[in-house]
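Notes for the structure review
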Amino acid sequence: EDVMLQLPLVVTAQVDVVLLLVSVLALWTRLSRLSYPNSVVFDEVYYGQFVSLYMKRVFFIDDSGPPLGHMILAAGAYLGGFDGNFVWNRIGAEYPDSVSVWSLRVLPALCGALSVPLVYSLSLELGLSYISALGGALLFLLENALIVQSRFMLLESVLIFFTLLALFCYLRFHNTQHRVKYMGLLSYLLLLGVASVHTWNLIGDRSLSHLSVCVHAVCRLMCLVLVPVLLYVFWFYIHLSLLHRSGPHDQLMSSAFQATLEGGLSRITQGQPLEVAYGSQVTLRSSASNPVPCWLHSHKANYPIRYENGRGSSHQQQVTCYPFKDVNNWWIIKDPLRQELAVGTPPRPVRHGDVVQLVHGMTSRFLNSHDVAAPMSPHAQEVSGYINYNVSMAPQNMWTVEISDRESDTEVWKTILSEVRLVHLNTSAVLKLSGASLPDWGFHQLEVIAERLFSGHSSGQSWTVEEHRYGTSQEQRERELELHSPTHIDVTRKISLWAKFVECSTPNRKTPNTNTAQIHLIGNPVSWAIANMSLVAYQLLAVIHLLRRRRGFKDIPDDVWRRFVFLGAVCVGGWSVNFVPFLLMEKTLFLYHYLPALCHLHLLTPAVLEHIHSHLLSGAAQRRAMAVCVLALAVSVVLSYQNFCPLTYGSPQLSASELQRLKWRESWDILYRRH
């Protein structure tokens, strides 16, 4: 019998009113009066520069992390019609009427607001009760420091949101299995560790079939390893696709990378001859960017006869590495068997294994090395421009070209594309940037040495031809004029997206105003105190439980103990990986560096309170007393939040005496503006 479609169709849905309520409150605390103040606040002066570069499609690289965070900030600016034409040069600068301040700040604010209901849901996935989940959400909701950090064009709220989201998604997946049958990199590693423990437990569960275990293991591998790697590469793909114009960070990248960007080096190198030939005029850039990118260089100044430590030198012409474009960076590739310094017809290309001489274009000195100690690296040989002093010091100016990235032993030396090592023919030492800075007599340029290498491939050995032209002049005066002339011609060179990705991903508060309103990055002191006490309480409870279980006393069932340990792994472990590394860093730390760690403690607080209430207090009177204490703490958190709201939102304006009353400790810095 046919089943007829029954009308009307009825759809039922369950709505968590508490979740809805905390979401609305979170949006209100983070989004209300978002455009105030209408001026640059703290690190907006830093991130705003990257937003402007995105709007103008200008390449940049920020070694603080992958580009997704910056792209989220740029997306908000783009939706608000921002064209990038604003000078981010000082904190407190007023935004013009043409800039939509609300759109610049709205996406970080949304991430901060969504973190509150996410904490509520995450607490439920951790196995806490609805009351405890609400408590955790309220701690997030009323945390003044998190509100301040969310309301401006900053990245911490974005980082915290995605960290919590990753943890929530994994726990939802893990918990579903049981019911039915990059803070950054360190938080991700913690999550991998938790997943590994879960997978190991699944393997030992004899109630599951082999197929079920394999499916769960493969799903975890894909979701926690493969998908993050693909997303990481994908956002770099978007970043590199959008930013195709030359920018301020070009020199951090290789010559091949720079040649793919519009303007800058590509404008200079377009159409250069591809194959280096005898007679070619070239600039040689060190492939090492540490301490800074630089080019092989010489000038009319000699090494001192004696150094400060008494050692002697050859007193020949200095050869250095210079971190700026300069006419003294030009060298001529010469055939040792011929006198010509111009390219013949047809050009004779230089190949891997060929022996060449390098002649400095402006001084005509040959690149030379010999058994004289280098000025700053006495273990290595000095590199010089040879001067014949008639003192029985014969020239040693032959160099063998070794192409490091060759595909065959007869490969031709190519402009930009080839990385070469220049091996000294007489001593087998390799021309190398040492990275040491020369003293005043060397104009603080970087030292170049010839180092004998017995094994391996050391950094600073490789050199790339960046600018290149076929020389046509034999006379020195004509050649100097030729070297001073520009080098443009027209052909484009491309390198793969993967090569660009590898290069990019390899590592390299208060706002002044015209009024007396101030915004301070200050936390809710009560909730911070509760969070730290929860950390101490958990550790004490863990030690007590461990000792008593070791003695054979099980105060709590095994399943409750396992959940207690899991809460510690997630919350205390999350706090550790987001806090302890900062103790090892030699850098200036701000309060916001601690916020990801604080978030894990706000997750821990209701868990510890629930554990004590449910499993350690036996009498009804004890539980009622604890409920009163918790309620008093909640009221204190709310009052503390209200007390510091003027510093969180910048309004209402407070007098100096009112600001003084907010200074609970002498170590707090609250500035009083006097007019």
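Residues numbered from 1 in each chain as written. Predicted model: local features only at pLDDT ≥ 70, side-chain atom pairs only at ≥ 80, totals over all residues. Heavy atoms only, no water.

Going by this rule: UniProt positions are given in the numbering used here, feature names are shortened, and annotations may be inferred rather than shown by experiment.
In the annotation of an unreviewed UniProt entry, the protein chain is listed under the name Protein O-mannosyl-transferase 1 and assigned to Periophthalmus magnuspinnatus. One UniProt comment on the protein chain, placed under Subcellular location (unreviewed entry), says "Endoplasmic reticulum membrane". Recorded in UniProt for the protein chain, the comment headed Pathway (unreviewed entry) runs: "Protein modification; protein glycosylation."

**Some words on the state of the cysteines**
What counts here: The disulfide criterion used throughout: a pair of cysteine sulfur atoms within 2.5 Å. Helix and strand definitions follow DSSP, with helices as H or I runs of at least four residues and strands as E runs of at least two, each counted in order from the N terminus. Exposed residues in this analysis have more than 50% of their type's maximum accessible area, buried residues have under 20%, and partly exposed residues fall in between, with area computed by a 1.4 Å probe over protein chains only.
Overall, the coordinates contain 1 disulfide when judged by the stated rule. Cysteine 294 shares a disulfide with cysteine 321; S-S distance 2.2 Å. Across the S-S bond of cysteine 294 and cysteine 321 the torsion is about 95°, and the bridge reads as right-handed. With cysteine 294 in the loop between strand S1 (280-286) and strand S2 (295-302) and cysteine 321 in strand S3 (residues 317-322), this residue pair connects regions lying 27 residues apart in the sequence. The pair cysteine 294 / cysteine 321 is uniform in exposure class, with both members buried.

**Here we look at a nonpolar patch on the surface**
Counted only if it meets this: Patch definition: residues with relative accessible area over 30% and no salt bridge; like charges joined within 9 Å; nonpolar side chains (Val, Leu, Ile, Met, Phe, Trp, Tyr) joined within 5 Å. Surface exposure here means Shrake-Rupley accessible area, sampled with a 1.4 Å probe, where a residue is shielded only by the protein chains that are shown. When a carboxyl oxygen of Asp or Glu lies within 4 Å of a side-chain nitrogen of Lys or Arg, that pair is called a salt bridge.
Taken together, the side chains of Val15, Val17, Leu20 and Val24 present a nonpolar region at the surface, about 390 Å² in accessible area. When you line up the elements, valine 15 lands in the segment before helix H1 (17-31). Owing to a relative accessible area of 61%, valine 15 belongs among the exposed residues under this scheme.

**Some thoughts on the side chain of glutamate 411**
Stated formally: The contact criterion used is simple: two residues touch if any of their non-hydrogen atoms lie within 4.5 Å.
Within the secondary structure layout, glutamate 411 lies in the loop between strand S8 (399-403) and strand S9 (419-424). Residue glutamate 411 is classed as buried on the basis of its relative accessible area of 13%. Excluding anything up to four places from it in sequence, glutamate 411 contacts Val350, Arg351, His352, Ile403, Asp405, Arg406 and Ser418.

**Comments concerning the packing of helix H14 (residues 525-550) against helix H16 (residues 595-616)**
Which entries qualify depends on this criterion: Here an axis means a line fitted to C-alpha atoms, over the contact stretch when the element is a helix, while the angle between two N-to-C directions is reported on a 0 to 180 degree scale. Under this scheme an angle from 65 to 115 degrees is roughly perpendicular, one under 35 degrees roughly parallel, and one over 145 degrees roughly antiparallel; angles in between are oblique. The handedness criterion is simple: a crossing whose near helix is rotated anticlockwise from the far helix by less than a right angle is left-handed, and one whose near helix is rotated clockwise is right-handed.
Running from N to C, H14 and H16 point in directions that differ by 55°, and their axes come no closer than 8 Å. In terms of orientation, H14 and H16 fall into the oblique class. H14 and H16 meet at a crossing whose hand is left-handed. Contacts between H14 and H16 involve Ser527, Trp528, Ile530, Ala531, Asn532, Ser534, Leu535, Ala537, Tyr538, Leu541 and His545 from the first element and Leu595, Leu598, Leu601, His602, Leu604, Thr605, Val608, His611, Ile612 and Leu616 from the second.

**A closer look at the packing of aromatic side chains**
For clarity, the threshold we go by: To pair, rings of Phe, Tyr and Trp, with the six-membered ring standing in for Trp, must have centres within 6.5 Å; the planes then decide the type, stacked if under 30 degrees apart, edge-to-face if over 60, and tilted in the middle. Ring-over charges, as used throughout, are those where CZ of Arg or NZ of Lys falls within 6 Å of the ring centre and within 35 degrees of the ring normal.
Inspection of the entire model under this criterion finds 18 aromatic pairs. Here tyrosine 46 and tyrosine 47 contribute two aromatic rings whose centre-to-centre distance is 5.1 Å and whose plane-to-plane angle is 70°, an arrangement assigned as edge-to-face. Judged by relative accessible area, which is 31%, tyrosine 46 ranks as partly exposed. By relative accessible area, which is 9% here, tyrosine 47 ends up buried. Here the aromatic cluster, defined as three or more aromatic residues joined through ring pairs, consists of Phe82, Phe86, Trp88 and Tyr95. Here the basic side chain of arginine 33 rests over the ring of tyrosine 36, its NZ or CZ set 4.6 Å away from the ring centre. The residue whose ring lies beneath arginine 469 is tryptophan 330, and the NZ or CZ to ring-centre distance is 4.5 Å.

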